[in-house]
Every structure is written in structure tokens, then in C-alpha cells.
2 protein chains.
Amino acid sequence: MAQVKPMRADARRNYERLLKVAAEAFAEHGESASLDDIAKRAGVGSGTLYRHFPNRQALLEAVYVDAIEALGSRADELARKLAPGEALVEWLYEVCLGTIEVRGLKSLLGSAVSDGSNAALTACATHMKSAAQRLVEAAQQEGTLRRDVEPVDVLRLAHGVSTASELANGGTQHLRRYLSLLTEGLRA
Amino acid sequence: MAQVKPMRADARRNYERLLKVAAEAFAEHGESASLDDIAKRAGVGSGTLYRHFPNRQALLEAVYVDAIEALGSRADELARKLAPGEALVEWLYEVCLGTIEVRGLKSLLGSAVSDGSNAALTACATHMKSAAQRLVEAAQQEGTLRRDVEPVDVLRLAHGVSTASELANGGTQHLRRYLSLLTEGLRA
DNA sequence: ACCTGAACACCGTTCAAGT
DNA sequence: ACCTGAACACCGTTCAAGT
């Protein structure tokens, strides 16, 4: 595999400034924060932003890679602590909570589990799908989860539950309840 | 109640042209079709569009009132033909199908069942909610639907199921299956 | 009373010119 | 190799001037 060529010092500095500022901007203004504004706040020409991140999805992915990684690890932690079925339910809860609380994450995860999925987010898509797969297969093995659902179905439905929750004042008051309705339906 | 003042002939003509063109534009380009383009295609200054429809939601609502009315009537038709529980399920299916196939309708129904709901769409919001209420209460009476769900919950969750379905190639291949997972969870 | 369209303040994206 | 920022083609929205 080709080693990634190290960036020039100024390029690396700009890249990191952009990431930092973008994270703040997405947190503040949501997933549709102005890219031009991000470049300006990072003290960088707009072209530089495009050089590093060819589109909004690429920037979103770069900003939230860590959060996605964490969700993946969380799946394994829960798998060690809880029975498979419970681990899946709890993981889905945390995924939903993340997509609601960490503004911008939802858009990214949404396109990650969408079919016409951008090649650029294959990375985080496969990461989420493999985490889901481990929990789904274990729960099916255990016999508590329907056998006719695939990992990607579960992720899409969780995305739907987040969307439904957000319709209530954009909050999380109903998240547990809405999710439990889904998990009732998923039960074997 | 105050009688609505009849519009001047040219105003009424513009209003109708705008509605017609907007319906085409939303169908073609989705709910975020360019308003400026709609005005141009209707042969009207952009200010005229704003005079009749102060914002995008207002225009969306005007375009889809009929479709919403139809969904409401459909609820009652189904209630006459089917057992309460089945009527609710079938109605939700048709609602989801509508929001996926009639581009632009989803955005409108989404904000209709959202809490921070614009006063302007109270009309179609109450319409959908009352249709849902009739089916929900009947099904609860019958004993096939959980008693801890409210009509608005059901509408929000249906919106979530549509969203989940759209993540699969924007199609309806999985709609029945995803919806049935939800209705399993809703069963008393 | 209603319409027009220029004007404004924003977008995202590209690319020639600079270092 | 990378950066800059002007330039372009778009938005939505407002409002003075016209009928």
C-alpha cells in the first residue's frame, strides 16, 4: 500500500485549522453551516477548503470520523457487557442519541446507510455496518432478533427513529419510547 | 367570519399560474425547487410570488392541500371497509407511499407534525392529526393498538419509516417491510 | 391593489495568478 | 505544491417605482 505523502507544513496547518473550525461551525449551525464562512473563520481562502475537502460530505466525514469510531467501539463494549439483544437495543439508542445531539452527524450517517452512497464515505459506512452486523448476528444467534432483518435495515430504521424524535421539538424526550416501539417490532 | 375578499382578475390569474407551475416544479426538482425559477416560469415577477406565498411552506401547503384532503378522506374510507387496526396500518402505508412518491409532500407533512410548527400550516396539521386520531382511537377501542401512543406519535413514526425507506435508493422496495416492523411494535 | 424587476446579501464552486 | 481571492452562477427576499 502506498504511504500517504506527508503534507507541506502550511498545508497541514490549514487542514487542521479547517477541521477545528468546521467542527465548531457544524455544532453551532448544524450540518448546513456555510463552507465559505468556515474558510473565512479558519483564515483561509475558499479554494483551500475545496483542495482539502472536495465537498461538504468529505468535510463532515473528516470532522466526525472520531465520533463514528467511538460508536463502533461502543458496540463492542456493549456486546461484552450485555446479552446480545440488549446490546443491540442499547447501541441503537446511543446511535440515535448521537445523531440528535451531535448536530451534523445525522446527515453523515444518513448518507452512509443510503444506497447511492458516495464513495468518499464508504469508510464510515462500512465501519457502522460492520459494528451493526456483529450485534445483529449475535442477537439473531441468541434468538431474540428477527432473522429477516439485515444490519443496514437496522441502521436505516434507527435513522428513521431519530428523525421521528426530532419532529418533537427537536428533542430527545420521546426517543426511548419511539425506539422501543421499533425494537418491539424487531423482536423475534 | 369575514368573507374572503375576491382577488383582482390579474391577481387571481397569477395565483393560479403560480400554483400550477409550482406543482410541476416540486414534482420535477423536489421540495427545494427554486422559487425564483417558479416565478419566472409562471411569467411573473419574484415579488408577486412572495405577495401570494410569503414563504416556501405556504406555497408547498397551497400546492398539496388537495393531496392532504385526499389522505384525510382516505382514512375514513378505510375505516368503513376494514377493521380498525387494519385500517390504521393501511392508511399509514398510503401516507408513507404518498410522502415518498409525491416529492415535496414529505417536507410539508414533516413540519405539520413537528412541534415548532409554523402557524401557517396548522390547517393541514390539524387535518392530518384528526384523521389519525379517528383511526388511532378506533384501534385502541378495538384493543389492537397500544394505549400509550397518541395520533401525533403515529404520524411522526410514519414519517420516520418513510425516511428510512428513502435511504434505500430513494425507493419503496422496503416500505411494506419497514412499516410492518413499526406496526408490530405498535400492536397492543 | 397589485405587479415588476433591480438590488441586496448571501450561497457553492472554479481557476488564473501568485508564493 | 499549495494558497489566494476575484469571478461566476446561482439562491431567497425586499422594496421603490410603475400600472
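Every value quoted in this text rests on a predicted model; they were computed, and no experiment measured them. (Residues numbered from 1 in each chain as written. Chains lettered and ligands numbered in written order. Predicted model: local features only at pLDDT ≥ 70, side-chain atom pairs only at ≥ 80, totals over all residues. Heavy atoms only, no water.)

Quick word on the protein's contact with DNA strand D
- Taken together, 20 residues lie near DNA strand D, and Arg8(A), Asn14(A), Gly45(A), Thr48(A) and Tyr50(B) sit nearest.
- The contact atoms of DNA strand D, taken as those within 4 Å of the protein, divide so that sugar and phosphate hold 68%.
- Within the backbone of Gly45(A), one N or O atom sits 2.8 Å away from a phosphate oxygen of DNA strand D.
- Separating a phosphate oxygen of DNA strand D from a side-chain N or O atom of Arg56(B) is a distance of 3.4 Å.
- Mapped by element, the contributors of at least two residues to the surface near DNA strand D are helix 1 (9-29) and helix 3 (46-52) of chain A together with helix 2 (35-41) and helix 3 (46-52) of chain B.
- Considering every element that reaches the surface near DNA strand D, the biggest residue donor is helix 3 of chain A, with five residues.
- When its residues are assigned to classes, the surface near DNA strand D shows five nonpolar, 10 polar and five charged. (Near = heavy atom within 4 Å. Polar contact = N/O pair within 3.5 Å; in protein donor to acceptor, adjacent residues only side chain to side chain. Helix = DSSP H or I, 4+ residues; strand = E, 2+ residues; numbered from the N terminus. Nonpolar A, V, L, I, M, F, W, Y, C, P; charged D, E, K, R; others polar.)

Observations regarding the UniProt feature "DNA-binding region" (unreviewed entry) in chain A
- The sites that UniProt annotates as "DNA-binding region" (unreviewed entry) are residues 34-53 of chain A.
- For residues 34-53 of chain A, the helix share is 70%, the strand share is 0%, and the end-to-end C-alpha distance is 14 Å. (UniProt positions renumbered as here; feature names shortened; annotations may be inferred.)

Section: the protein's contact with DNA strand C
- Looking at DNA strand C, there are 20 residues lining it, with Tyr50(A), Arg8(B), Asn14(B), Gly45(B) and Thr48(B) nearest.
- In the interface set of DNA strand C, defined as its atoms within 4 Å of the protein, sugar plus phosphate atoms amount to 68%.
- Within the backbone of Asp36(A), one N or O atom sits 3.3 Å away from a phosphate oxygen of DNA strand C.
- In terms of residue count, helix 3 of chain B provides more of the surface near DNA strand C than any other element does, five residues in total.
- Each residue belonging to the surface near DNA strand C can be placed in one class, and the counts come to five nonpolar, 10 polar and five charged.

Some points on the UniProt feature "domain: HTH tetR-type" (unreviewed entry) in chain A
- Under the UniProt annotation, the feature "domain: HTH tetR-type" (unreviewed entry) is placed at residues 12-71 of chain A.
- Structurally, residues 12-71 of chain A comprises 80% helix and 0% strand, and the distance from its first C-alpha atom to its last is 27 Å.

Here we look at the domain arrangement of chain A
All names here are of chain A.
- Domain parsing of chain A yields domain 1 (8-54) and domain 2 (64-186).
- Centre-to-centre separation of domain 1 and domain 2, based on C-alpha positions: 28 Å.
- Each partner contributes to the interface: domain 1 provides six residues, whereas domain 2 provides five residues.
- Where domain 1 abuts domain 2, roughly 390 Å² becomes buried across the two surfaces, and 50% of that area is made up of carbon and sulfur atoms.
- Taken as a group, Phe26, Ala27 and Glu31 account for 74% of the area that domain 1 buries against domain 2, more than any other trio of residues on that side.
- Linking domain 1 with domain 2 are zero salt bridges, by the criterion used here.
- Linking domain 1 to domain 2 there are two residue pairs in polar contact (both at pLDDT 80 or more).
- The residue makeup of the side of domain 1 that touches domain 2, split by class, is two nonpolar, two polar and two charged. (Domains from an automatic or database assignment. Contact = heavy atoms within 4.5 Å. Buried area = accessible area lost by both parts, 1.4 Å probe. Salt bridge = Lys/Arg side-chain N within 4 Å of Asp/Glu carboxyl O.)

Quick notes on helix 8 (residues 151-166) of chain B
- The first and last C-alpha atoms of helix 8 of chain B sit 23 Å apart over 16 residues, in line with the 22 Å expected at 1.5 Å per residue.
- For helix 8 of chain B, the tally of buried residues reaches 15 of 16 residues, placing the bulk of the element in the interior. (Expected span 1.5 Å × (residues − 1). Buried < 20%, exposed > 50% of the residue type's maximum accessible area, 1.4 Å probe, protein only.)

With respect to the relation of the copies chain B and chain A
- Once turned by 180° and shifted 0.0 Å along the axis, chain B lies on chain A with an RMSD of 0.0 Å. Within this description, the copies of the chain are treated as partners about a two-fold rotation axis.
- Both copies contact each other with a shared surface, as 100% of the interface residues of chain B are interface residues in chain A too. (Least-squares fit on C-alpha atoms with pLDDT ≥ 70 in both.)

Some remarks on the interface of chain B and chain A
- Taken residue by residue, the interface counts 25 residues in chain B and 25 residues in chain A.
- Carbon and sulfur atoms make up 64% of the area that chain B and chain A hide from each other, which totals about 2,100 Å².
- Three residues, Arg156(B), Leu167(B) and Leu181(B), lead the burial of chain B against chain A; their summed loss comes to 30% of the area buried on that side.
- Where chain B touches chain A, the interface holds two salt bridges.
- Linking Asp153(A) and Arg177(B) is a salt bridge whose minimum nitrogen-to-oxygen distance equals 3.0 Å.

A look at the pattern of salt bridges
- Applying the stated criterion across every chain, the model contains 30 salt bridges over all chains.
- The partner of Glu94(B) in a salt bridge is Arg74(B), and the shortest N-O contact between them spans 2.8 Å. Of this pair, Glu94(B) sits in helix 5 (residues 84-101) while Arg74(B) sits in helix 4 (residues 56-81); the two residues are 20 residues apart in sequence, bridging distant segments of the chain.
- For Glu94(B), a relative accessible area of 18% puts it in the buried group.
- Judged by its relative accessible area of 23%, Arg74(B) is partly exposed.
- Across the pair Asp148(B) and Arg146(B) runs a salt bridge, and its minimum N-O distance is 3.1 Å.
- Overall, Asp148(B) belongs to the partly exposed group, its relative accessible area being 39%.
- Via salt bridges that share partners, Glu28(A), Asp37(A) and Arg41(A) belong to a single interconnected network.

Brief notes about the packing of aromatic side chains
- Counted according to the given criterion, the structure contains four aromatic pairs over all chains.
- When the ring centre of Tyr93(A) is taken as reference, the NZ or CZ atom of Arg176(A) above it lies at 3.6 Å. (Phe/Tyr/Trp six-rings, centres within 6.5 Å; stacked < 30°, edge-to-face > 60°. Lys NZ or Arg CZ within 6 Å of the ring centre and 35° of its normal.)

Re the side chain of His159(A)
- By the secondary structure assignment, His159(A) is in helix 8 (residues 151-166).
- With near-sequence residues (within four places) excluded, His159(A) lies in contact with Lys106(A), Gly110(A), Thr163(B) and Leu167(B).

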